[in-house]
Amino acid sequence: RNGGQVHFTYGNHEIMVMQNDLRYLNEKYIQTAEMMNIQIERRYDANSFLGKWLRTKNTIVEINNMLLCHAGISCEIYYTGIKPRRINSLIRDNIGTKRDMINSDKKLSLLFKSKGPIWYRGYFGESEDSGCYRDFAASHSYKKIIVGHTTQDSIISIHKNLIIAVDAGLKYDDKGQALHWKEGVFYVIDIDNKRKIFN
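Below is a summary of the structure that appears in this document. Just so it is clear, the model here is predicted, and its values are computed rather than measured.

1. Here we look at the overall build of the protein
The number of helices and strands found in the protein is nine helices and eight strands. In terms of overall size, the protein behaves like a compact globule, its C-alpha atoms giving a radius of gyration of 18 Å where 199 residues would be expected to give roughly 16 Å. The principal-axis extents of the C-alpha atoms in the protein amount to approximately 50 × 45 × 35 Å. Counting across all 199 residues of the protein, residues that qualify as buried make up 42%. For the protein, the proportion of contacts with a sequence separation of at least 24, taken over those separated by at least 6, is 49%. Put simply, the protein has 29 plus and 22 minus side-chain charges, and the middle of one group is 6 Å from the middle of the other.

2. Re the state of the cysteines
Within the structure shown, the criterion is met by one disulfide. Residue Cys75 pairs covalently with Cys132 via a disulfide, S to S 1.9 Å. Between Cys75 and Cys132 the sulfur-sulfur dihedral comes to about -85 degrees; the bridge is accordingly left-handed. Of this pair, Cys75 sits in helix 5 (residues 75–80) while Cys132 sits in helix 9 (residues 130–139), placing them 57 residues apart in sequence. As far as the burial class goes, Cys75 and Cys132 line up, both buried. Of all cysteine sulfurs in the structure, the one in Cys132 sits closest to Cys69, which takes part in no disulfide; the separation is 14 Å.

3. Some points on the sheet that holds strand 5 (residues 163–165)
Here we have five strands laid out as an open sheet, ordered 1-2-3-5-4, and mixed in their pairing. The open sheet terminates on both sides in strands that have one partner only, identified here as strand 1 (60–63) and strand 4 (156–158). The sheet shows a mean angle of 25 degrees between the axes of neighbouring strands, taken without regard to direction. Across four bridges, the pairing between strand 1 and strand 2 (residues 66–69) is antiparallel. What sits directly across from Ile63, in strand 2, is Met66.

4. Quick look at the environment of Asn161
Along the polypeptide, Asn161 turns up in the loop between strand 4 and strand 5. Classification of Asn161 by relative accessible area gives partly exposed; the value is 41%. Once the C-alpha coordinates of Asn161 and Lys143 are considered, the two residues, 18 residues apart in sequence, prove to be 9.2 Å apart. Dropping the residues within four chain positions of it, Asn161 is found in contact with Lys144 and Asn199.

5. Digging into the packing of aromatic side chains
The relative placement of two aromatic rings is captured by the distance of their centres and the angle of their planes. Considering all chains together, one arrives at six aromatic pairs under this definition. With a centroid separation of 5.7 Å and 50 degrees between ring planes, the pair formed by Phe136 and Tyr142 is classed as tilted. By the burial criterion, Phe136 is buried, and Tyr142 matches it. Members of the aromatic cluster, each reached through a chain of ring pairs, are Tyr78, Tyr79, Phe136 and Tyr142.

How each quantity is defined
- Residues numbered from 1 in each chain as written.
- Predicted model: local features only at pLDDT ≥ 70, side-chain atom pairs only at ≥ 80, totals over all residues.
- Heavy atoms only, no water.
- Helix = DSSP H or I, 4+ residues; strand = E, 2+ residues; numbered from the N terminus.
- Rg over C-alpha atoms; globule rule 2.2 N^0.38 Å.
- Buried < 20%, exposed > 50% of the residue type's maximum accessible area, 1.4 Å probe, protein only.
- Contact = heavy atoms within 4.5 Å.
- Lys, Arg positive; Asp, Glu negative; His and termini not counted.
- Charge placed at Lys NZ, Arg CZ, Asp CG, Glu CD.
- Disulfide = S-S within 2.5 Å.
- Pairing = 2+ DSSP bridges.
- Axes fitted to C-alpha atoms, helices over the stretch in contact; angles between N-to-C directions.
- Phe/Tyr/Trp six-rings, centres within 6.5 Å; stacked < 30°, edge-to-face > 60°.

Interpretation note: all reported values are geometric properties and have no functional meaning in isolation.
Laid out in structure tokens, this is it:
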């Protein structure tokens, strides 16, 4: 009613369950499948209601000159020249591709492994060339790149305020923060619902 939208994006865990890698699946989902008398693998396959819905989502969302992505865009991805919308279709179309076929394709291997947008953690390493992040952002007119995946003590801004890391530990239940963007201003909302301007 207020003009907002919810965008679901892939992270490493969604991709893992759709590829039948259940190592980190929460016990409650296994119990739910047992109660429904269905194999857990079938809940997420391409023929299930949930699996079909998941396979319509994106890895990257572009809103108001911002890129939102679970883990981020590595320099290696940027240097390939793959456009963000092409990344979305390549990942979505290859979720069910066999691992050995992904490994044998240079582009797919890059997208689905540690330098890809669902697993990347390089924004937080000292060795990364932050210049490539600025070049990538400028080439697409992004003012901010917003990522999760790598947990921090609080929401932080890095690489000269280009990248905002929003995983502040909500998954631990007793702490966390949310980033709120309204009329061009970023706010941080803490677990007690207190709001303050971010940077």
